[in-house]
Amino acid sequence: MKKIIFCGWLMVYMLMSVTAQDSAFSFEDVKTWVGEGSNRAVLVVDWNSEKKEQALVWGFRWNGEATGYDMLAAVAKEDPRFVLLAEESIYGNTVAGLGFNPRSPYQTKLIYDRNGEAVGYTPADGVVMADSNDYGNWSCSDTAALWQAEHWTVGYWSYYVKDQAEDDFGYASTGATGRQLTDGCVDGYSFALVSDTTTGGVPRMPYEFVLPYADTMIAVTGVSLDKQAAELTVGAGPLQLTATVTPAQAVNKDVVWLSTDQAVATVSAGGLVTPVSAGEARIVVKTVDGGFADTCVVRVKENVANESGLPVVLGRIYPNPAVEVANVEVCRDAVLEVFDLNGRTVFRKQVSAGIQTIALDKSGVYLVRVSAGDRVYVKRLVKR
(Lines give C-alpha, C1' and ligand atoms only; values in the text may rest on other atoms or scores of the structure.)
Protein backbone atom coordinates (compact mmCIF):
# COMPACT_ATOMS: atom_id res chain seq x y z
CA MET A 1 0.00 0.00 0.00
CA LYS A 2 2.79 2.43 0.85
CA LYS A 3 4.38 1.82 -2.54
CA ILE A 4 1.08 2.61 -4.33
CA ILE A 5 0.62 5.82 -2.35
CA PHE A 6 4.22 6.85 -3.05
CA CYS A 7 3.81 6.24 -6.80
CA GLY A 8 0.60 8.27 -6.80
CA TRP A 9 2.25 11.25 -5.16
CA LEU A 10 5.21 10.83 -7.51
CA MET A 11 2.93 11.12 -10.55
CA VAL A 12 1.20 14.17 -9.07
CA TYR A 13 4.58 15.79 -8.48
CA MET A 14 5.73 15.06 -12.02
CA LEU A 15 2.55 16.51 -13.52
CA MET A 16 2.82 19.61 -11.34
CA SER A 17 6.43 20.09 -12.45
CA VAL A 18 5.39 20.73 -16.08
CA THR A 19 5.67 24.49 -16.54
CA ALA A 20 5.60 26.90 -19.43
CA GLN A 21 8.85 27.36 -21.31
CA ASP A 22 10.73 30.25 -22.76
CA SER A 23 10.05 29.70 -26.46
CA ALA A 24 13.21 31.55 -27.57
CA PHE A 25 14.69 28.31 -28.83
CA SER A 26 15.28 27.37 -32.44
CA PHE A 27 16.64 24.29 -34.14
CA GLU A 28 19.07 26.65 -35.82
CA ASP A 29 20.71 27.20 -32.41
CA VAL A 30 21.76 23.53 -32.25
CA LYS A 31 25.48 23.11 -32.93
CA THR A 32 25.99 19.34 -32.72
CA TRP A 33 23.94 17.06 -34.97
CA VAL A 34 24.11 13.26 -35.14
CA GLY A 35 22.56 10.88 -37.64
CA GLU A 36 21.49 11.55 -41.24
CA GLY A 37 18.14 12.26 -42.82
CA SER A 38 15.56 14.89 -43.59
CA ASN A 39 13.74 14.68 -40.24
CA ARG A 40 15.07 16.56 -37.25
CA ALA A 41 14.55 16.27 -33.47
CA VAL A 42 16.32 17.71 -30.46
CA LEU A 43 17.52 16.08 -27.24
CA VAL A 44 17.74 18.19 -24.07
CA VAL A 45 19.35 16.74 -20.92
CA ASP A 46 19.49 18.45 -17.53
CA TRP A 47 21.50 16.66 -14.82
CA ASN A 48 20.45 19.22 -12.18
CA SER A 49 24.02 19.10 -10.91
CA GLU A 50 26.21 21.69 -9.24
CA LYS A 51 28.79 20.87 -11.92
CA LYS A 52 26.58 22.26 -14.69
CA GLU A 53 23.80 24.82 -14.32
CA GLN A 54 22.43 24.51 -17.85
CA ALA A 55 20.75 21.69 -19.73
CA LEU A 56 22.76 20.40 -22.71
CA VAL A 57 21.34 20.12 -26.22
CA TRP A 58 22.04 17.84 -29.21
CA GLY A 59 20.28 17.47 -32.56
CA PHE A 60 19.26 14.20 -34.28
CA ARG A 61 18.51 13.57 -37.98
CA TRP A 62 16.82 10.47 -39.43
CA ASN A 63 14.66 9.09 -42.20
CA GLY A 64 11.69 6.77 -41.80
CA GLU A 65 10.72 5.95 -38.20
CA ALA A 66 12.73 6.58 -35.04
CA THR A 67 12.07 6.46 -31.31
CA GLY A 68 13.24 8.55 -28.39
CA TYR A 69 15.63 5.74 -27.50
CA ASP A 70 17.02 5.75 -31.05
CA MET A 71 17.93 9.41 -30.57
CA LEU A 72 19.65 8.75 -27.23
CA ALA A 73 21.61 5.82 -28.67
CA ALA A 74 22.66 7.86 -31.72
CA VAL A 75 23.97 10.68 -29.55
CA ALA A 76 25.84 8.18 -27.37
CA LYS A 77 27.36 6.51 -30.44
CA GLU A 78 28.46 9.62 -32.30
CA ASP A 79 29.43 11.92 -29.43
CA PRO A 80 32.17 10.18 -27.41
CA ARG A 81 31.51 12.48 -24.45
CA PHE A 82 28.01 11.09 -23.89
CA VAL A 83 27.32 7.75 -22.15
CA LEU A 84 24.04 5.87 -21.70
CA LEU A 85 23.17 3.16 -19.16
CA ALA A 86 20.17 1.13 -20.27
CA GLU A 87 18.41 -2.12 -19.45
CA GLU A 88 16.58 -4.33 -21.94
CA SER A 89 13.07 -5.38 -20.91
CA ILE A 90 9.85 -6.67 -22.46
CA TYR A 91 8.72 -3.04 -22.73
CA GLY A 92 11.86 -1.92 -24.56
CA ASN A 93 15.09 -0.40 -23.35
CA THR A 94 14.87 1.45 -20.04
CA VAL A 95 16.92 4.64 -19.66
CA ALA A 96 18.71 4.01 -16.35
CA GLY A 97 21.56 6.52 -16.34
CA LEU A 98 23.02 9.35 -18.42
CA GLY A 99 26.51 10.83 -18.34
CA PHE A 100 28.60 13.47 -20.04
CA ASN A 101 32.37 13.71 -19.73
CA PRO A 102 34.20 16.29 -21.87
CA ARG A 103 37.58 15.19 -20.49
CA SER A 104 38.08 11.59 -21.51
CA PRO A 105 35.93 10.27 -24.36
CA TYR A 106 35.48 6.49 -24.44
CA GLN A 107 38.03 6.27 -21.64
CA THR A 108 35.15 6.85 -19.26
CA LYS A 109 33.97 3.60 -17.73
CA LEU A 110 30.85 2.91 -15.78
CA ILE A 111 31.53 1.20 -12.46
CA TYR A 112 29.14 -1.36 -11.02
CA ASP A 113 29.33 -2.18 -7.31
CA ARG A 114 28.70 -5.91 -7.18
CA ASN A 115 28.48 -6.81 -3.49
CA GLY A 116 31.34 -4.50 -2.61
CA GLU A 117 33.46 -5.37 -5.66
CA ALA A 118 33.88 -2.57 -8.21
CA VAL A 119 33.55 -3.88 -11.78
CA GLY A 120 34.34 -1.58 -14.71
CA TYR A 121 32.38 -1.58 -17.99
CA THR A 122 33.63 0.17 -21.12
CA PRO A 123 30.73 1.57 -23.20
CA ALA A 124 30.12 -0.09 -26.57
CA ASP A 125 29.14 2.70 -28.98
CA GLY A 126 28.55 4.84 -25.91
CA VAL A 127 26.10 2.42 -24.26
CA VAL A 128 26.38 0.05 -21.28
CA MET A 129 23.57 -2.48 -20.83
CA ALA A 130 22.67 -3.32 -17.23
CA ASP A 131 21.53 -6.85 -16.36
CA SER A 132 19.40 -5.80 -13.38
CA ASN A 133 17.46 -2.77 -12.17
CA ASP A 134 19.72 -1.86 -9.23
CA TYR A 135 20.82 1.25 -11.09
CA GLY A 136 21.94 3.02 -7.94
CA ASN A 137 24.98 0.72 -7.79
CA TRP A 138 26.36 2.29 -10.98
CA SER A 139 28.78 5.21 -10.98
CA CYS A 140 31.13 6.94 -13.40
CA SER A 141 34.88 6.30 -13.33
CA ASP A 142 35.58 10.04 -13.62
CA THR A 143 34.02 11.84 -10.65
CA ALA A 144 34.35 15.15 -12.51
CA ALA A 145 31.88 13.98 -15.18
CA LEU A 146 28.17 14.68 -15.16
CA TRP A 147 26.44 11.44 -14.13
CA GLN A 148 23.08 10.46 -12.70
CA ALA A 149 21.53 7.00 -12.42
CA GLU A 150 18.08 6.19 -11.12
CA HIS A 151 17.78 5.00 -7.53
CA TRP A 152 14.86 5.25 -5.16
CA THR A 153 16.97 6.96 -2.45
CA VAL A 154 18.70 9.35 -4.86
CA GLY A 155 16.41 10.30 -7.71
CA TYR A 156 14.98 9.43 -11.12
CA TRP A 157 15.03 10.70 -14.71
CA SER A 158 11.91 12.67 -15.64
CA TYR A 159 11.01 12.42 -19.35
CA TYR A 160 9.30 15.34 -21.13
CA VAL A 161 8.28 15.75 -24.77
CA LYS A 162 6.85 18.32 -27.14
CA ASP A 163 5.93 18.28 -30.81
CA GLN A 164 7.59 21.57 -31.77
CA ALA A 165 10.30 23.76 -30.25
CA GLU A 166 7.86 26.61 -29.54
CA ASP A 167 5.44 24.34 -27.63
CA ASP A 168 5.44 23.74 -23.88
CA PHE A 169 6.84 20.49 -22.52
CA GLY A 170 4.44 17.82 -21.31
CA TYR A 171 5.28 14.73 -19.31
CA ALA A 172 5.83 11.74 -21.60
CA SER A 173 3.07 9.14 -21.56
CA THR A 174 5.47 6.37 -22.60
CA GLY A 175 9.10 5.40 -22.21
CA ALA A 176 11.83 6.31 -24.68
CA THR A 177 11.39 3.09 -26.69
CA GLY A 178 7.66 3.74 -27.15
CA ARG A 179 8.14 7.39 -28.05
CA GLN A 180 7.71 7.88 -31.83
CA LEU A 181 9.65 10.93 -33.00
CA THR A 182 8.18 13.41 -35.46
CA ASP A 183 9.94 16.05 -37.49
CA GLY A 184 10.54 19.12 -35.30
CA CYS A 185 9.89 17.44 -31.92
CA VAL A 186 11.91 17.81 -28.71
CA ASP A 187 12.69 15.23 -25.99
CA GLY A 188 13.80 16.46 -22.58
CA TYR A 189 15.33 14.58 -19.65
CA SER A 190 15.65 16.15 -16.21
CA PHE A 191 16.99 14.37 -13.13
CA ALA A 192 14.78 14.71 -10.07
CA LEU A 193 16.69 14.55 -6.80
CA VAL A 194 14.80 13.01 -3.89
CA SER A 195 16.61 15.43 -1.57
CA ASP A 196 15.58 18.52 -3.58
CA THR A 197 11.99 18.89 -4.73
CA THR A 198 12.90 21.88 -6.93
CA THR A 199 14.62 19.51 -9.39
CA GLY A 200 13.04 17.18 -11.90
CA GLY A 201 10.89 19.76 -13.65
CA VAL A 202 11.34 20.55 -17.32
CA PRO A 203 14.99 21.14 -18.34
CA ARG A 204 16.19 24.54 -17.28
CA MET A 205 16.71 27.36 -19.73
CA PRO A 206 18.74 28.98 -21.15
CA TYR A 207 20.12 25.83 -22.75
CA GLU A 208 23.76 25.17 -23.54
CA PHE A 209 24.10 24.02 -27.14
CA VAL A 210 26.88 21.45 -27.11
CA LEU A 211 29.75 22.27 -29.45
CA PRO A 212 30.90 19.56 -31.86
CA TYR A 213 33.37 17.21 -30.24
CA ALA A 214 36.19 18.16 -32.62
CA ASP A 215 35.79 21.85 -31.76
CA THR A 216 36.04 21.33 -28.00
CA MET A 217 38.90 18.84 -27.71
CA ILE A 218 41.72 21.36 -27.38
CA ALA A 219 44.92 19.32 -27.28
CA VAL A 220 47.84 19.76 -24.90
CA THR A 221 50.89 21.38 -26.50
CA GLY A 222 53.38 21.21 -23.63
CA VAL A 223 54.18 21.07 -19.93
CA SER A 224 56.77 22.86 -17.79
CA LEU A 225 58.00 22.58 -14.21
CA ASP A 226 58.58 25.51 -11.90
CA LYS A 227 62.09 24.20 -11.15
CA GLN A 228 64.65 22.62 -13.46
CA ALA A 229 67.07 21.68 -10.66
CA ALA A 230 66.90 21.36 -6.89
CA GLU A 231 69.12 20.28 -3.99
CA LEU A 232 67.68 18.40 -1.03
CA THR A 233 69.08 16.91 2.16
CA VAL A 234 68.36 13.49 3.62
CA GLY A 235 66.08 13.86 6.61
CA ALA A 236 65.04 17.38 5.62
CA GLY A 237 61.66 18.43 4.28
CA PRO A 238 60.23 17.47 0.88
CA LEU A 239 60.01 19.68 -2.22
CA GLN A 240 56.75 20.52 -3.97
CA LEU A 241 57.08 20.73 -7.74
CA THR A 242 54.37 22.43 -9.80
CA ALA A 243 53.61 21.50 -13.40
CA THR A 244 51.93 23.93 -15.81
CA VAL A 245 50.14 22.36 -18.78
CA THR A 246 49.61 24.46 -21.90
CA PRO A 247 47.40 25.77 -23.32
CA ALA A 248 45.26 26.78 -20.37
CA GLN A 249 42.14 25.76 -22.33
CA ALA A 250 43.36 22.17 -22.88
CA VAL A 251 40.66 19.63 -22.01
CA ASN A 252 42.78 16.90 -20.46
CA LYS A 253 45.43 18.39 -18.17
CA ASP A 254 46.14 15.16 -16.32
CA VAL A 255 49.83 14.36 -15.70
CA VAL A 256 51.84 11.49 -14.26
CA TRP A 257 54.99 11.79 -12.15
CA LEU A 258 57.99 9.48 -11.89
CA SER A 259 61.46 9.38 -10.36
CA THR A 260 64.32 7.84 -12.32
CA ASP A 261 65.84 6.61 -9.05
CA GLN A 262 63.45 5.99 -6.17
CA ALA A 263 66.35 5.03 -3.92
CA VAL A 264 67.49 8.65 -4.12
CA ALA A 265 64.16 10.51 -4.23
CA THR A 266 60.50 9.58 -4.55
CA VAL A 267 57.68 11.66 -6.00
CA SER A 268 53.98 11.53 -5.19
CA ALA A 269 51.06 11.68 -7.63
CA GLY A 270 50.85 15.39 -6.81
CA GLY A 271 54.52 16.24 -7.44
CA LEU A 272 55.81 16.13 -3.85
CA VAL A 273 59.48 15.06 -3.90
CA THR A 274 60.94 13.33 -0.81
CA PRO A 275 64.72 12.83 -0.43
CA VAL A 276 65.74 9.27 0.47
CA SER A 277 69.52 8.92 0.12
CA ALA A 278 72.50 10.75 -1.33
CA GLY A 279 72.68 10.80 -5.10
CA GLU A 280 70.96 12.26 -8.14
CA ALA A 281 67.52 11.53 -9.55
CA ARG A 282 65.47 13.06 -12.32
CA ILE A 283 61.87 13.88 -11.49
CA VAL A 284 59.81 13.68 -14.66
CA VAL A 285 56.29 14.95 -15.28
CA LYS A 286 54.45 13.70 -18.35
CA THR A 287 51.09 14.71 -19.81
CA VAL A 288 48.48 12.03 -20.43
CA ASP A 289 47.39 13.89 -23.57
CA GLY A 290 50.26 14.01 -26.05
CA GLY A 291 52.98 12.61 -23.80
CA PHE A 292 54.80 15.94 -23.34
CA ALA A 293 57.38 15.92 -20.54
CA ASP A 294 59.65 18.12 -18.45
CA THR A 295 62.36 17.23 -15.93
CA CYS A 296 63.79 18.52 -12.69
CA VAL A 297 67.24 17.25 -11.67
CA VAL A 298 67.23 16.59 -7.92
CA ARG A 299 70.55 16.21 -6.09
CA VAL A 300 70.26 14.74 -2.60
CA LYS A 301 73.06 15.16 -0.07
CA GLU A 302 73.67 13.54 3.30
CA ASN A 303 72.71 15.23 6.54
CA VAL A 304 76.24 15.54 7.98
CA ALA A 305 75.26 16.60 11.52
CA ASN A 306 72.27 17.35 13.66
CA GLU A 307 71.58 20.60 15.48
CA SER A 308 73.53 19.55 18.58
CA GLY A 309 76.70 19.07 16.57
CA LEU A 310 76.79 15.29 17.02
CA PRO A 311 78.44 13.33 14.22
CA VAL A 312 76.37 11.50 11.64
CA VAL A 313 74.83 8.29 12.88
CA LEU A 314 75.29 6.41 9.60
CA GLY A 315 78.84 6.40 8.28
CA ARG A 316 80.29 4.45 5.39
CA ILE A 317 78.79 1.48 3.59
CA TYR A 318 81.48 -0.60 1.91
CA PRO A 319 81.96 -2.17 -0.48
CA ASN A 320 79.13 -0.53 -2.40
CA PRO A 321 78.17 -2.13 -4.72
CA ALA A 322 78.57 -5.24 -2.58
CA VAL A 323 79.29 -8.70 -3.97
CA GLU A 324 78.65 -11.00 -0.99
CA VAL A 325 78.43 -8.92 2.19
CA ALA A 326 78.31 -5.19 3.00
CA ASN A 327 79.85 -3.42 5.97
CA VAL A 328 77.84 -0.64 7.58
CA GLU A 329 79.54 1.85 9.87
CA VAL A 330 77.25 3.00 12.69
CA CYS A 331 78.51 5.90 14.81
CA ARG A 332 76.06 5.66 17.73
CA ASP A 333 73.68 3.21 19.39
CA ALA A 334 70.85 2.90 16.92
CA VAL A 335 68.42 0.66 15.06
CA LEU A 336 69.85 -0.66 11.80
CA GLU A 337 67.35 -1.68 9.09
CA VAL A 338 67.61 -2.72 5.46
CA PHE A 339 64.66 -2.61 3.02
CA ASP A 340 64.20 -3.68 -0.57
CA LEU A 341 62.52 -1.28 -2.99
CA ASN A 342 59.15 -2.95 -2.34
CA GLY A 343 59.39 -1.81 1.28
CA ARG A 344 60.01 -5.32 2.65
CA THR A 345 62.32 -5.46 5.68
CA VAL A 346 65.26 -7.83 5.02
CA PHE A 347 67.34 -6.93 8.09
CA ARG A 348 66.63 -5.26 11.43
CA LYS A 349 68.78 -5.09 14.56
CA GLN A 350 69.50 -2.85 17.57
CA VAL A 351 73.25 -2.11 17.25
CA SER A 352 76.00 -0.24 19.03
CA ALA A 353 78.64 2.00 17.49
CA GLY A 354 80.93 0.06 15.21
CA ILE A 355 80.94 -1.94 11.97
CA GLN A 356 78.01 -4.20 11.19
CA THR A 357 78.23 -6.85 8.49
CA ILE A 358 75.11 -7.60 6.45
CA ALA A 359 74.66 -10.49 4.05
CA LEU A 360 72.06 -10.10 1.31
CA ASP A 361 70.70 -13.06 -0.63
CA LYS A 362 69.48 -11.38 -3.79
CA SER A 363 70.96 -8.84 -6.17
CA GLY A 364 69.25 -5.47 -6.35
CA VAL A 365 68.99 -2.04 -4.78
CA TYR A 366 68.39 -1.71 -1.04
CA LEU A 367 67.87 1.13 1.41
CA VAL A 368 69.92 1.11 4.61
CA ARG A 369 68.25 3.08 7.41
CA VAL A 370 69.73 3.92 10.81
CA SER A 371 67.43 5.42 13.46
CA ALA A 372 68.74 7.08 16.62
CA GLY A 373 66.12 8.90 18.68
CA ASP A 374 64.30 11.29 16.38
CA ARG A 375 67.08 11.12 13.79
CA VAL A 376 66.80 8.93 10.70
CA TYR A 377 69.57 8.47 8.14
CA VAL A 378 69.19 6.58 4.87
CA LYS A 379 71.70 5.45 2.25
CA ARG A 380 71.47 3.30 -0.81
CA LEU A 381 73.16 -0.08 -1.08
CA VAL A 382 73.58 -2.03 -4.32
CA LYS A 383 74.03 -5.82 -4.21
CA ARG A 384 75.45 -7.40 -7.37
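Residues numbered from 1 in each chain as written. Predicted model: local features only at pLDDT ≥ 70, side-chain atom pairs only at ≥ 80, totals over all residues. Heavy atoms only, no water.

S.K.: Even after reading the chapter, I still don't get the packing of aromatic side chains, so can you show me in this structure?
M.R.: To describe a pair of aromatic rings, you give the distance between the ring centres and the angle between the ring planes. On inspection of all chains with the given rule, the structure shows 15 aromatic pairs. Ring centres 6.0 Å apart and planes at 15° place the aromatic pair Phe25 and Phe209 in the stacked group. Taken together, the residues span a long stretch of sequence, with Phe25 in the loop between α1 (2-16) and β1 (33-35) and Phe209 in strand β14 (residues 208-209) at a distance of 184 residues. Of the two residues examined, Phe25 and Phe209, each falls in the buried class. A connected cluster of aromatic rings, assembled from ring pairs, spans Trp47, Trp58, Phe82, Phe100, Trp157 and Phe191. Geometry around Trp33 places Arg61 over its ring, the cationic atom sitting 4.5 Å from the centre. Above the plane of the ring of Phe169 lies Lys162, whose end atom (NZ or CZ) is 4.6 Å from the centre. (Phe/Tyr/Trp six-rings, centres within 6.5 Å; stacked < 30°, edge-to-face > 60°. Helix = DSSP H or I, 4+ residues; strand = E, 2+ residues; numbered from the N terminus. Buried < 20%, exposed > 50% of the residue type's maximum accessible area, 1.4 Å probe, protein only. Lys NZ or Arg CZ within 6 Å of the ring centre and 35° of its normal.)

S.K.: Would you mind going over the pairing of strand β22 (residues 279-287) with me for this structure?
M.R.: Look at any regular strand and the pattern is simple: side chains alternate between the two faces of the sheet. In this structure, strand β19 (residues 255-259) lies alongside β22, joined through 5 bridges in antiparallel fashion. Its bridge partner lying in β22, Val255 is registered against Thr287. Of the strand pairs in this sheet, β22 and strand β23 (residues 293-301) are connected by 8 bridges, and their pairing is antiparallel. Looking at the pairing, Ala281 lines up with Val298 of β23. The turn joining β22 and β23, which pair antiparallel and follow one another in sequence, is formed by 5 residues; a positive phi near 95° is taken by Gly290. (Pairing = 2+ DSSP bridges.)

S.K.: Help me out: how do you make sense of the sheet that holds strand β7 (residues 117-121) in this one?
M.R.: Pairing between sheet strands relies on hydrogen bonds along the backbone, with the strands arranged either parallel or antiparallel. Reading across from one edge, β7-β6-β9 is the order of the 3 strands in this open sheet, with antiparallel pairing throughout. Of all the strands in the sheet, the pair left with one neighbour each is β7 and β9 (138-140). Put simply, the sheet's adjacent strands are angled 30° from each other on average, direction ignored. The pairing of strand β6 (residues 110-114) with β9 spans 3 bridges and is classified as antiparallel. Residue Ile111 lies in a different strand from β9, and its bridge partner there is Ser139. (Axes fitted to C-alpha atoms, helices over the stretch in contact; angles between N-to-C directions.)

S.K.: How do you make sense of the environment of Val255 when you look at a structure like this?
M.R.: Counting through the fold element by element, Val255 comes out in strand β19. A residue is classified by how much of its surface remains accessible, and Val255, at 25% relative accessible area, is partly exposed. Along the chain, Val255 and Asp289 lie 34 residues apart, while their C-alpha atoms are 8.3 Å from each other. Setting aside chain neighbours within four positions, we find Val255 in contact with Val245, Val285, Lys286, Thr287 and Val288. (Contact = heavy atoms within 4.5 Å.)

S.K.: Help me understand the pairing of strand β29 (residues 364-372) in this model?
M.R.: Alignment of strand β26 (residues 334-340) against β29, held across 6 bridges, turns out to be antiparallel. The partner of Phe339 across the bridge, within β29, is Leu367. As paired elements, β29 and strand β30 (residues 375-383) share 9 bridges and run antiparallel to each other. Along β30, the bridge assignment pairs Val368 with Lys379. Following β29, the chain reverses through 2 residues before pairing antiparallel with β30; Gly373 in that reversal takes a positive phi of roughly 65°.

S.K.: Please clarify how the sheet that holds β22 should be interpreted in this entry.
M.R.: Taken together, the 4 strands give an open sheet; going across it, the order is β16-β23-β22-β19, and neighbouring strands pair in mixed fashion. Whereas interior strands pair on both sides, the edge strands pair on one side only; in this sheet they are β16 (229-233) and β19. In this sheet, neighbouring strand axes are inclined to one another by 25° on average, regardless of whether the strands run parallel or antiparallel.

S.K.: Which parts of the structure should I look at to understand unusual backbone geometry?
M.R.: Residues apart from glycine generally show negative phi values, whereas peptide bonds are mostly found in trans. Looking along the chain, the bond that leaves Met205 and enters Pro206 is cis, with omega of 5°. Within the secondary structure, Pro206 sits in the loop between β13 (186-193) and β14. Phi at Asn48 takes a positive value of approximately 50°, unusual for a residue other than glycine. Counting through the fold element by element, Asn48 comes out in the loop between β2 (39-46) and β3 (56-62). A positive phi angle, near 55°, is found at Asn115, a position not held by glycine.

S.K.: Got a minute to help me understand the nonpolar core in this structure?
M.R.: Buried together is how nonpolar side chains tend to be arranged in soluble globular proteins. Grouped together as the largest cluster of nonpolar side chains are 34 residues, with contacts concentrated most on Trp47, Trp58, Phe82, Leu98 and Tyr189. Contributing elements (two or more residues each) for this core: β2, β3, α2 (68-78), β4 (82-89), β5 (92-100), β11 (155-162) and β13. With 6 residues, the top contributor of residues to this core is α2. By size, the runner-up hydrophobic cluster in this structure holds 21 residues, among which are Val234, Ala250, Val267 and Ala281. (Core = buried A, V, L, I, M, F, W, Y, C linked by side-chain atoms within 4.5 Å.)

S.K.: It is not clear to me how the pattern of salt bridges should be interpreted in this structure. Could you clarify?
M.R.: Where charged atoms from two side chains of opposite charge come close, those side chains can pair. Across all of its chains, the model carries 12 salt bridges by this definition. Note that Glu208 and Lys52 form a salt bridge whose closest N and O atoms lie 3.0 Å from each other. Of this pair, Glu208 sits in strand β14 while Lys52 is found in the loop between β2 and β3, placing the two residues 156 residues apart along the sequence. Assessed through its relative accessible area of 30%, Glu208 is described here as partly exposed. Close ionic contact of Arg348 with Glu337 constitutes a salt bridge, the shortest N to O distance being 3.1 Å. Of the two residues, Arg348 sits in strand β27 (residues 345-351) while Glu337 sits in strand β26, which places them 11 residues apart along the sequence. Through salt bridges with shared partners, one network takes in Glu337, Arg348 and Arg369. (Salt bridge = Lys/Arg side-chain N within 4 Å of Asp/Glu carboxyl O.)

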